[in-house]
Amino acid sequence: MYDFDTPAPRAGSGAIKWDLRASVFGNGDALPFWVADSDYMSPPEVTEALRDAAARCVFGYTAPTEGYKRAVAGWIGSRHGWDVSPEQIVPSTGIVSELAAIVRCFTAPGDKVLIQTPVYDPFADVVKAAGRTLVENPLLCDGSLRYTMDFDDLERDLRSGVRMMILCSPHNPVGRVWTQAEVRRVAELCAAWGTILVSDEIHWDILMPGHPHFTAGLAGTPENVIVLTAPSKTFNLAGLRCSNDIIPDPALRRRLTEWKQARRLESPNSLGLIACEAAYTHGAGWCDAQNAYLAGNAALVRERLAAGLPAARTAPLEGTYLMWLDASFTGLGSLELCRRLNAAGAILNDGKRYGAEGFLRLNIACPRAQLDRGLSAVVGCLRGAAE
Ligand SMILES: Cc1ncc(COP(=O)(O)O)c(C=O)c1O
């Protein structure tokens, strides 16, 4: 019923993923599998709501309405089983800028902030830019490239006085959807050692079969948990700058709200609010259809690699639309791999930026035919690199 096979007209629209190919990678014709957004169109229900808003011809200052908050709470209740009240929802203009605000609001210069590497690189950037001390709790990885948390190391770190932990859940780039037991353990350890847990759950709707997401908001320690959510990955709305922090604890919530107000940090733009409300009200069917389509894309990647490049391993994809590929069999570093891939016609992210040399990240949120063409370039290039 929904169409994910028709490419969205992105080239020439200002889309970073498409229009910065030549300036950043030196090949304006290569197929892009880097920036984490999607190359098919957003749900028709969202586009319709935006069209209606445009027809009203008014774009003034706008605050989140009660209907907006009801839609956000409704989605979280029905999709994630978490009963959130409207006042616990703090709208924001994007997860990374909000994370930068949260780090500065709740920690002091020099305080320790912990991340689990390899991980989405802006986590380290916002911590370092704020002059806080970055602590890494590297993930463990088994022979099938499935990652798990090193809880002994985590507890040692937390015991040493970590002020904040940033959890990536589901995890970009290793594709894990943390189990209920894992999330509960993280939350318990943070509560025990007085660490604020900031759980970035931007990918929480993008789930492969058999991998339900468990939000840190349900982990039983709401007084030290902030959950960051957004409709942007799920419905391809990143350009509309609309996200939502869920902060159950009134004291934490007041502190952040006052901190943001004092710095004149504004609420999301009016069209972002409209798109978010429409997506969370009408988007469940589209979201399920997209997950099924992405599972098919992930299967295609596995098939093509097994047939053409058996030495390459991919981490089992449990959630997100980002596949994590171990190309260390080539003996080349990530940057050199990307340079060769760009020339061969496919732009992937280099794993080094997330902390894993010899790895690559492949965004599969695109029409299957585009992915298939890109995979031909990847397989041919990496085969040549390994020879
Ligand atoms: C884990 C994670 N957090 C945040 C973001 C970016 O969010 P925003 O565009 O709202 O800053 C991404 C984008 O890829 C992501 O993967």
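This text follows the structure it describes.
Residues numbered from 1 in each chain as written. Predicted model: local features only at pLDDT ≥ 70, side-chain atom pairs only at ≥ 80, totals over all residues. Heavy atoms only, no water.

**Student:** Teacher, can you tell me more about the packing of helix α4 (residues 66-80) against helix α11 (residues 270-282) here?
**Tutor:** Any two packed helices are characterised by how steeply their axes cross, that is the angle between the axes, and by the distance between the axes. Contact geometry for α4 and α11: axes closest at 8 Å, N-to-C directions at 40 degrees. With respect to each other, α4 and α11 are oriented oblique. Crossing of α4 against α11: the hand is left-handed. Residues G67, Y68, A71, V72 and W75 of α4 touch α11, and the partners they reach there are L273, C276, E277, A279, Y280 and T281. (Axes fitted to C-alpha atoms, helices over the stretch in contact; angles between N-to-C directions. Helix = DSSP H or I, 4+ residues; strand = E, 2+ residues; numbered from the N terminus. Parallel < 35°, antiparallel > 145°, perpendicular 65-115°, else oblique. Left-handed = near helix turned anticlockwise from the far one by under 90°. Contact = heavy atoms within 4.5 Å.)

**Student:** I keep staring at the packing of aromatic side chains and nothing clicks. Help me out?
**Tutor:** Both the distance between ring centres and the angle between the ring planes are used here to describe each pair of aromatic rings. Under the criterion given, the structure shown has 13 aromatic pairs. Aromatic pair F25 and W34: ring centres 4.6 Å apart, planes at 85 degrees, arrangement edge-to-face. Classification of W34 as buried rests on a relative accessible area of 10%. Ring centres 5.8 Å apart and planes at 85 degrees place the aromatic pair Y120 and F123 in the edge-to-face group. Relative accessible area serves as the criterion here: at 27%, Y120 is assigned to the partly exposed category. (Phe/Tyr/Trp six-rings, centres within 6.5 Å; stacked < 30°, edge-to-face > 60°. Buried < 20%, exposed > 50% of the residue type's maximum accessible area, 1.4 Å probe, protein only.)

**Student:** Even after reading the chapter, I still don't get the nonpolar core, so can you show me in this structure?
**Tutor:** Nonpolar side chains tend toward joint burial in soluble globular proteins. Within the largest apolar cluster, 97 residues are counted, with the highest numbers of intra-cluster contacts made by L197, L360, L362, I364, L371 and L382. With 9 residues, helix α12 (residues 284-308) is the single largest residue contributor to this core. Built from parts of two domains, this core gets at least three residues from each of domain 1 (16-43 + 285-386) and domain 2 (58-282). With residues up to four places along the chain from it excluded, the contact list for I364 reads L294, N297, A298, V301, L317, Y321, M323 and L371. With 29 residues, the next largest nonpolar core counts I102, C105, V113 and V198 among its residues. (Core = buried A, V, L, I, M, F, W, Y, C linked by side-chain atoms within 4.5 Å. Domains from an automatic or database assignment.)

**Student:** Would you explain the side chain of S199 in this entry?
**Tutor:** Looking at the element boundaries, S199 is found in strand β8 (residues 196-200). The class of S199 is buried, set by a relative accessible area of 0%. A polar contact of 2.6 Å, which involves the side chain of S199, links it to the side chain of E201. Those residues in contact with S199 that sit more than four places away from it in its chain are L167, S169, A216, I226, V227 and L228. (Polar contact = N/O pair within 3.5 Å; in protein donor to acceptor, adjacent residues only side chain to side chain.)

**Student:** What is the right way to read the sheet that holds strand β7 (residues 162-168) from this model?
**Tutor:** For sheets, the rule is that strands pair by backbone hydrogen bonds, running either parallel or antiparallel. Spatial strand order, β2-β10-β9-β8-β7-β3-β4: 7 strands in an open sheet with mixed pairing. A strand with exactly one partner marks an edge of an open sheet, and here the two such strands are β2 (89-92) and β4 (133-136). In this sheet, adjacent strand axes meet at a mean angle of 25 degrees when their direction is disregarded. Sheet analysis places strand β9 (residues 225-229) next to strand β10 (residues 243-246), joined by 3 bridges and oriented antiparallel. Note that in β10 the partner of T229 across the bridge is N244. Contacts between helix α5 (residues 95-106) and the sheet are confined to β2, β7, β8, β9 and β10, with β9 contributing the most and set at about 160 degrees to the helix. (Pairing = 2+ DSSP bridges.)

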